[in-house]
Amino acid sequence: MQTNSNHQDAVPKIQLQNLTKSFQTAGGVVTALDNVSLDIPTGCFFMIVGPSGCGKTTLLRILAGLEAPTSGSVKVSAPAANRPANSMVFQGDSLFPWMTVFENAAYGLTLRNRPKGEIDDTVGHYLNRIGMTKFAKAYPHQLSGGMRQRVSIARAFANDPDILLMDEPFSALDEQNKLLLQEELLRIWDETRKTVLFITHSVDEAVTLGDRIMIMTAQPGRAKQIIDVPFERPREVLSLRARPAYGELVYSIWGQLRDEVQAARSQDEKRSIKA
C-alpha cells in the first residue's frame, strides 16, 4: 500500500505570489481574489473549497491563461516537451455534440497532430479505464450526464497535460454517479500522479480526493487555511468514508468553512437590498 506522498519538500509546480484579481462592474470595482500566495508541489492533488463568489473559478481561469491577474505573479514550471501546459474539465457539459465519444476524447491529441496509432492507443486506453469503450461511436446526446463527464475526464487525461484543472466537474450529478466518478478519477490519477487543481463546494469530495485542501474566505477570496490530508493512497471511497478520522477531518474543515459561507450569504443579502 502506498502512503500519502509528502509534498513538503517537492519542487513547486505552481507558485502564486500576492495574486490579486479585480473586475470593473457597473457598481464599481469588485475584487475576486486578494493577495493569494501559494505553492503547489508537482504531483499534488490540490483541492480548493470556499463559498460561492470567493474567486475559485477566477483562480483556475488565471492558471489556464483565460484571465490575467490585476497584480501579483503566477509562475508555472514549463511542461515536458510535446506536452500541453494544462487541460480543463468544466462544471457543465463541454463535449462537442457533432463528435462521437472517441472523437471528443481524441480532440486534444488531434489538435496536436499526434500520430493516428498514438491517438488510437491512448484514447482506447482511457475509454477502457472509464468503461466507455462500447460507446466509442455514440454521440453526446445519446449519453447520460455521468457518461458525458466520464468522456470529459478521458479527454483531459488523454491529452496528457502537465496540469489538470477541474472546476466542480461532478456538481450536477446525483450522489451515486458522483461517487462512481470519484472512484474512477482516483484510479486514473493513480496511474499518472499529475498535478491537479480541483474546485468543489463539497468538503466530503475535497477530503476524499485531495492531498491538500485550501479553504478560501468569502469575497474577496483569500487563503484562509491549507490543510494536509493524512490518508494513504490508493483510496477506496466508501471504506475511507467509514473511518472515524475521515469524519473528524470533514467536521473540522466544515467548522472553518461555515463562517465563510455565512459571510458570503450576508454579502448577497446586502446586495439584494441595495438592488
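As the structure is a computational prediction, the values presented were derived from the model and not from experiment. (Residues numbered from 1 in each chain as written. Predicted model: local features only at pLDDT ≥ 70, side-chain atom pairs only at ≥ 80, totals over all residues. Heavy atoms only, no water.)

## Focus on the nonpolar core
Part 1: One finds L127, L185, F198 and V207 to be the most contacted residues of the largest nonpolar core, which totals 53 residues.
Part 2: Here this core takes seven residues from helix 5 (residues 145-158), the largest share from any one element.
Part 3: With near-sequence residues (within four places) excluded, L127 lies in contact with V101, F102, A105, M132, T133, A136 and A154.
Part 4: In this structure, L33, C44, I62 and M88 belong to the second largest nonpolar core, which totals 22 residues. (Core = buried A, V, L, I, M, F, W, Y, C linked by side-chain atoms within 4.5 Å. Buried < 20%, exposed > 50% of the residue type's maximum accessible area, 1.4 Å probe, protein only. Helix = DSSP H or I, 4+ residues; strand = E, 2+ residues; numbered from the N terminus. Contact = heavy atoms within 4.5 Å.)

## What to know about the confidence of the model for the protein chain
Part 1: Considering every residue of the protein chain, the mean pLDDT works out to 90; 93% of them sit at 70 or more.
Part 2: No element of the protein chain has a lower mean pLDDT than helix 9 (residues 244-274), which averages 83, and none a higher one than helix 2 (residues 101-105), which averages 97. (pLDDT = per-residue confidence, 0-100.)

## Side note on the sheet that holds strand 1 (residues 12-25)
Part 1: Here we have three strands laid out as an open sheet, ordered 2-1-4, and antiparallel in their pairing. Of all the strands in the sheet, just strand 2 (28-41) and strand 4 (71-76) have a single pairing partner and so form its edges. On average, each strand axis in the sheet is tilted by 20° relative to the strand beside it, whichever way the strands run.
Part 2: Bridging between strand 1 and strand 2 involves ten bridges; their strand directions are antiparallel. Residue pairing for strand 2: K21 is matched across the bridge by L33.
Part 3: In the packing of helix 1 (residues 56-63) onto the sheet, the strands contacted are strand 1, strand 2 and strand 4, and the crossing angle to strand 1 comes to about 115°. (Pairing = 2+ DSSP bridges. Axes fitted to C-alpha atoms, helices over the stretch in contact; angles between N-to-C directions.)

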